[in-house]
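Working through the structure, step by step
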Amino acid sequence: MDAVFLISAFRKNQYPPPDRPEIAFAGRSNVGKSSLMNVLVNRKSLARTSSRPGRTQSINFFSVSNRLYLVDLPGYGYAKVPIKVKKSWQHMMETYLSERSNLKSVVVILDIRRDPTEGDMQLLGWLKHYGIPAIPVLTKADKLSRQQTLTRSSLINNQIAERALIRPIVFSVKTRQGRDEIWEKIDDVIET
């Protein structure tokens, strides 16, 4: 799969032209967003990964096979950055999510080992309110047993069911579990 980094944008006028469908990726800091994107496009370091929360501080656009854009949004939550920076991220994300005409869906990434945070629930509620389909993905499944994975997946599904129209997809970077299912959901929203 041909995937290339295009641009890091801080303002709307820096976005690439809205000439193809776009799928954004959002989640708490350190939830595995960049790793998920890398597995989806079969690349080790397309999106930068870090053990330090808050590394993504801009909206990063990637072109995939000249067919669509994948967009890495800044993480939210406990990133160790100044409050002023966090507020600028929030404004960037709100502007992007509310004004990007070619945005087809947002992959909302949650850590399967943790309950959804207030930020996760707000994002899901906001997407539902504005009619932007959410594709919830539960990362880090390889850190749990099969039974724990089933239990946690069901619990989280119940917690977000009113805000997300589809059941969360269980994903593992190590085993690549869920990769094909995520692509199926992306293809579904692109074709509608």
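Residues numbered from 1 in each chain as written. Predicted model: local features only at pLDDT ≥ 70, side-chain atom pairs only at ≥ 80, totals over all residues. Heavy atoms only, no water.

Glancing now at the overall build of the chain. A tally of regular secondary structure across the chain gives five helices and seven strands. Secondary structure elements in the chain, listed N-terminal to C-terminal, are β-β-α-β-β-α-β-α-β-α-β-α. Counting all 192 residues of the chain, 50% fall into the buried class. Contacts in the chain between residues far apart in sequence, at least 24 positions, make up 75% of those at least 6 positions apart. (Helix = DSSP H or I, 4+ residues; strand = E, 2+ residues; numbered from the N terminus. Buried < 20%, exposed > 50% of the residue type's maximum accessible area, 1.4 Å probe, protein only. Contact = heavy atoms within 4.5 Å.)

One open sheet holds the seven strands; their spatial order is E1-E3-E4-E2-E5-E6-E7, and the pairing between them is mixed. The open sheet terminates on both sides in strands that have one partner only, identified here as strand E1 (3–9) and strand E7 (169–170). When strand E5 (residues 103–111) meets strand E6 (residues 134–139), the two strands line up parallel, connected through six bridges. Within E6, the residue paired with Leu-110 across the bridge is Leu-138. Along the sheet, helix H1 (residues 33–40) makes contact with strand E2 (22–27), strand E3 (59–64), strand E4 (68–72), E5 and E6, crossing E2 at roughly 145 degrees. (Pairing = 2+ DSSP bridges. Axes fitted to C-alpha atoms, helices over the stretch in contact; angles between N-to-C directions.)

Glancing now at helix H5 (residues 179–191). Residues lying three or four places apart along an α-helix face the same way, a consequence of the helix completing one turn every 3.6 residues. For H5, spanning 13 residues, the distance from its first C-alpha to its last is 19 Å, which sits close to the expected 18 Å at 1.5 Å a residue. Along H5, the residues classified as buried are Arg-179, Ile-182, Trp-183, Ile-186, Val-189 and Ile-190. The arc enclosing the buried residues of H5, seen along the axis, measures out at 125 degrees, which places them on a common side. Away from its buried face by more than 90 degrees, H5 exposes Asp-180, Glu-184 and Glu-191. (Expected span 1.5 Å × (residues − 1). Arc of directions from axis to C-beta.)

Below, the discussion takes up the packing of aromatic side chains. A complete count under the given rule lists five aromatic pairs for this structure. Measuring from ring centre to ring centre gives 5.6 Å for Phe-5 and Phe-62, while their planes differ by 65 degrees; the resulting arrangement is edge-to-face. Linking Phe-5 in strand E1 with Phe-62 in strand E3, this pair joins segments that are 57 residues apart in sequence. For Phe-62, a relative accessible area of 2% gives the class buried. Note on Trp-126 and Tyr-130: the rings are 4.4 Å apart at their centroids and 40 degrees apart in plane angle, and the pair reads as tilted. Assessed through its relative accessible area of 24%, Trp-126 is described here as partly exposed. A network of ring pairs unites the aromatic residues Tyr-15, Phe-61 and Tyr-96 as a single cluster. (Phe/Tyr/Trp six-rings, centres within 6.5 Å; stacked < 30°, edge-to-face > 60°.)

In this section: the nonpolar core. Leu-73, Tyr-96 and Val-106 are the most contacted members of the largest nonpolar core, which has 32 residues in total. Contributions of two or more residues to this core are made by E2, E3, E4, helix H2 (83–99), E5, helix H3 (118–129), E6 and helix H4 (146–160). Of all hydrophobic cores here, the second largest spans 25 residues; its members include Leu-40, Leu-46, Ile-182 and Ile-186. (Core = buried A, V, L, I, M, F, W, Y, C linked by side-chain atoms within 4.5 Å.)

Glancing now at the pairing of E5. As a general feature of sheets, a regular strand has side chains that alternate between the two faces. Of all nine residues that make up E5, eight are buried, and the element is covered over most of its length. Direction of pairing for E2 relative to E5: parallel, over a ladder of six bridges. Residue pairing for E5: Phe-25 is matched across the bridge by Val-107. As a crossover connection, the stretch from E5 through H3 into E6 is right-handed. (Right-handed = clockwise from strand over helix to strand, strands pointing away.)

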